[in-house]
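Structural features, examined
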Amino acid sequence: MTTTPQQDTQEPQDTREPVDADARDTAEAGQGGADRPGADTRGGGSVAWRAGIQRAIRAVSRPEPWKRGPVLAALALLLGLLMLLHARIPDGVKNVGSLVETFLPWFGVFVPVLLAGALWRRSASAVVALLLPVTVWLTLFGGVLSDKSHPGGDLTVVSHNVGAGNPDPAGTARDLAASGADVLALEELTTQARGAYEKGLAKAYPYHTVKGTVGLWSKRPLSDTRTVDVAMLGMAGPLARNLSAEERAATPRALRTTVATDQGPLAVYVAHLGSVRVNPRAGLSTSQRNDGAQKLGEAVAAEGNERVVLLGDLNGTTDDRAFAGLTSQLRSAQETAGDGFGFSWPAAFPVVRIDQILVRGVEPQSSWVLPATGSDHLPVAARISW
């Protein structure tokens, strides 16, 4: 009997290694651009670009990138809500609300930090969550970054906390006289340094008035000058170190005067509100400053002149809720006609703008910060018109 060899019916196994889909797309894209006769590099680049988009879509459509970085996503959302709802943060516990509002622009620094973490973790959820703080920050401060200044103006005003510990008041007076200001407000004047400022500014400013620790020098006549009560019964800070308790209680920290201009009278207020202290136990101590801001707001509300300029060290930013009584009546020259945030303190590395120029009934044309003097504050300036 003849037997035939048994045929192998098994199919040959595929020994090829699986090819990654992204690698296949890349290879196909490359071949599509190279195999076609006469294909130019622009066509190949377009195919490669489409392949890259397809890979990115596939990457974010997978569940893994959305599951990564939940802590980063939560922090991004909390950051956005903190900036969005800053006015609702209670001030009753250690004045946390005022502290947040004082440094509110700096919360934007956390955005690139969180973005770097999100990219490192390849977390799609964290990247999307960052859209909230970015949108809120740009809504609050995006307009500040542009230059809103205009040429011209009728009057230049300057305000400067000259510093009680200023080692060179005569040099500071020379710098301020060279600024070209028509109206110059000084805060934190000491008895010892007052003579140096009066002597150094006498030639440029024939008119001046001083009330306590604040003064105004002007190229235009002054009249109707009086002190303004800003409730500084418990005055503290470097200025108070050389004063007795009685002197602190009796030393004015704000004045009001009228400057005669070619366009009519201008009411000018000069103020130095109470110092703010950060204490780990008590938090942000703002009671004296807040009382002074309220008193100053009441004085401005009662002002009969429609043209008003407030110059001074308010020891707070215009974002702080404590100044709602002032900012509801007056506009910030820096926010209206400045370029950037105009930070003024501390002079060595400014991080906040606590020296303000606020106006009503006049139009700010430009606002800027002057170079440092011997003070720990930078002078601030503005050009206004009618």
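Scroll up to find the structure.
One structure accompanies this document, and this report is about it. (Residues numbered from 1 in each chain as written. Predicted model: local features only at pLDDT ≥ 70, side-chain atom pairs only at ≥ 80, totals over all residues. Heavy atoms only, no water.)

**Some details on the nonpolar core**
Counted only if it meets this: Side-chain atoms within 4.5 Å link the members of a nonpolar core, which is a set of buried Ala, Val, Leu, Ile, Met, Phe, Trp, Tyr and Cys residues. Per-residue accessibility, obtained with a 1.4 Å probe over protein chains only, is compared with the maximum for each type, and a residue is labelled buried under 20%, exposed over 50%, and partly exposed between these values. Secondary structure counts use DSSP, requiring at least four H or I residues in a row for a helix and at least two E residues in a row for a strand, with both numbered from the N terminus. Any two residues whose heavy atoms approach within 4.5 Å are treated as being in contact.
One finds Leu-216, Leu-266, Val-309, Leu-311 and Ile-357 to be the most contacted residues of the largest nonpolar core, which totals 20 residues. Those elements that provide at least two residues to this core are β1 (155–161), β2 (183–187), β4 (214–218), β6 (254–261), β7 (264–272), β10 (308–313), β12 (355–360) and β14 (380–385). If we skip the residues at most four places from it in the chain, Leu-266 touches Leu-155, Thr-257, Thr-258, Val-259, Thr-261, Asn-305, Arg-307, Val-308, Val-309, Val-362, Ile-384 and Trp-386. Membership of the second largest hydrophobic core comes to 18 residues, among which are Ile-89, Leu-104, Phe-107 and Ala-129.

**Considering helix α8 (residues 131–141)**
Cut-off, in case you're wondering: The arc in question is the one spanned by the directions pointing from the helix axis to the C-beta atoms.
All of the buried residues in α8 are Pro-133, Val-136, Trp-137 and Phe-141. For α8, the arc enclosing every buried residue in end-on projection is 100 degrees, short of the 170-degree limit, so these residues lie on one face. Residues Leu-131 and Thr-139 are exposed on α8 and point more than 90 degrees away from its buried face. On its buried face, α8 sits against α4 (70–84), α6 (110–121) and α7 (124–129).

**A word on the side chain of Lys-148**
For clarity, the threshold we go by: The charge count includes Lys and Arg as positive and Asp and Glu as negative, but it does not include His or the ends of the chains. When a carboxyl oxygen of Asp or Glu lies within 4 Å of a side-chain nitrogen of Lys or Arg, that pair is called a salt bridge.
Assignment of secondary structure puts Lys-148 in the loop between α8 and β1. At 6.4 Å, Asp-339 is the nearest oppositely charged side chain to Lys-148, a buried residue that forms no salt bridge. Dropping the residues within four chain positions of it, Lys-148 is found in contact with Gly-143, Gln-334, Glu-335, Thr-336, Ala-337, Gly-338 and Gln-365.

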